[in-house]
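Spelled out, the chains give:
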Number of protein chains: 2
Amino acid sequence: MKTLVSRCPIEEVMQVLSGRWPTLLIYYLKDGTKRFSDLRRDNPTISHKMLTLELRKLEDAGIISRTEFEGYPLHVEYDLTSVGERLVPLIDALGDWWEEAIGPDAPHNEFATPKSRSVT
Amino acid sequence: MKTLVSRCPIEEVMQVLSGRWPTLLIYYLKDGTKRFSDLRRDNPTISHKMLTLELRKLEDAGIISRTEFEGYPLHVEYDLTSVGERLVPLIDALGDWWEEAIGPDAPHNEFATPKSRSVT
DNA sequence: CGGTATCCTCGGAGATACTG
DNA sequence: CAGTATCTCCGAGGATACCG
């Protein structure tokens, strides 16, 4: 999803938020400042490379800020920007919608509707 | 993004909504009932195969409904379910957030912040 | 520690053709 | 018309190694 097929802002947001990591990273950053290695610990299955790429993408989108400290070893901190913070409740709403959509009984990790397809 | 790495509902929604098409399809369906071929016209660049796959995914998630009519040639209609309709304003909110995030002046099709990375 | 570069693979997604 | 089945290919993303 590198290119856009529409001029729709929706498609543009999704370009940034699509995938497993963006929303998860935003969520971990909600708790406050995190370092690169913190985020790796929070997301044990993300690869080194992907983490940098995803962080860069979010930074470019203005959702997170990157602060580099002088000295050795390197020390970098990531934070949500104010723009990023305003995104959090929207993501929350999606999560709530989902939980309601699949019903309170629904097993996590599994899609909801047993789907009886209607035939007329 | 086939598997989940967390038990977080956020990750589960994103699994369904990630990618270029899901939100766009939901948007076109917002206008009312659409047939398969209508959706292809709306999204000229989506492939036959992808359209069926994406529609199936949304159907499985309970966001859209599929109604098949008897007769020949085949006739199938897609609609948002009530669950899907409740999703629309949330997606709208994301679009609004994005437009505000990148600023009213921002050129579409391009990321926003000129990014001067902070160094301390 | 955080980031970049290189290599390699595996599956997402296009093209095409066929069926009910 | 809507959907499925094959084949194919390209690139997202993992593993590894090296640098400031």
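Everything discussed here concerns the structure shown above.
Residues numbered from 1 in each chain as written. Chains lettered and ligands numbered in written order. Predicted model: local features only at pLDDT ≥ 70, side-chain atom pairs only at ≥ 80, totals over all residues. Heavy atoms only, no water.

(A) The protein's contact with DNA strand D, seen in detail. Lining the immediate environment of DNA strand D, one finds 16 residues, of which Lys49(A), Met50(A), Ser37(B), His48(B) and Arg66(B) sit closest. Of all atoms in DNA strand D that approach within 4 Å of the protein, 61% are sugar or phosphate atoms. Taking Phe36(B), its main chain carries an N or O atom lying 3.4 Å from a phosphate oxygen of DNA strand D. At a separation of 3.3 Å, a phosphate oxygen of DNA strand D approaches a polar side-chain atom of Arg56(B). Secondary structure elements with two or more residues in the surface near DNA strand D: α4 (48–60) of chain A together with α3 (36–42), α4 (48–60) and β3 (75–80) of chain B. When its residues are assigned to classes, the surface near DNA strand D shows eight nonpolar, three polar and five charged. (Near = heavy atom within 4 Å. Polar contact = N/O pair within 3.5 Å; in protein donor to acceptor, adjacent residues only side chain to side chain. Helix = DSSP H or I, 4+ residues; strand = E, 2+ residues; numbered from the N terminus. Nonpolar A, V, L, I, M, F, W, Y, C, P; charged D, E, K, R; others polar.)

(B) Spotlight on the protein's contact with DNA strand C. What surrounds DNA strand C is a group of 17 residues, the closest being Phe36(A), His48(A), Arg66(A), Lys49(B) and Met50(B). Among the atoms of DNA strand C close to the protein, meaning within 4 Å, 58% are from sugar or phosphate groups. In the model, a phosphate oxygen of DNA strand C is placed 3.1 Å from a nitrogen or oxygen of the Arg35(A) side chain. In this structure, Lys49(B) approaches DNA strand C through a side-chain N or O atom, which is 2.6 Å from a base oxygen. Within the residue set of the surface near DNA strand C, elements represented by two or more residues are α3 (36–42), α4 and β3 (75–80) of chain A together with α4 of chain B. Counting residues per element, the surface near DNA strand C draws most heavily on α4(A), which supplies three residues.

(C) Region of the structure containing the interface of chain A and chain B. Contacts between the two partners involve 58 residues from chain A, matched on the other side by 58 residues from chain B. Both sides together, the interface formed by chain A and chain B hides about 5900 Å², and carbon and sulfur atoms give 62% of it. Between chain A and chain B we count four salt bridges in total. Put simply, chain A and chain B have twelve residue pairs in polar contact (both at pLDDT 80 or more) between them. Elements with a minimum of two residues in the side of chain A that touches chain B: α1 (9–17), α2 (21–30), α4, β2 (64–69), α5 (82–102) and β4 (118–119) of chain A. Of all the elements, α5(A) adds the most residues to the side of chain A that touches chain B, at 15 residues. (Contact = heavy atoms within 4.5 Å. Buried area = accessible area lost by both parts, 1.4 Å probe. Salt bridge = Lys/Arg side-chain N within 4 Å of Asp/Glu carboxyl O.)

(D) How the structure looks around the packing of aromatic side chains. All names here are of chain A. As enumerated under the stated definition, the model contains two aromatic pairs over all chains in all. Geometrically, the ring pair formed by Trp97 and Trp98 is tilted, given 6.0 Å between the ring centres and 50° between the ring planes. Residue class for Trp97 comes out buried when judged on its relative accessible area of 4%. Residue Trp98 is classed as buried on the basis of its relative accessible area, which comes to 1%. Over the ring of Trp21 we find Arg20; its NZ or CZ atom is 5.3 Å from the centre of that ring. (Phe/Tyr/Trp six-rings, centres within 6.5 Å; stacked < 30°, edge-to-face > 60°. Buried < 20%, exposed > 50% of the residue type's maximum accessible area, 1.4 Å probe, protein only. Lys NZ or Arg CZ within 6 Å of the ring centre and 35° of its normal.)

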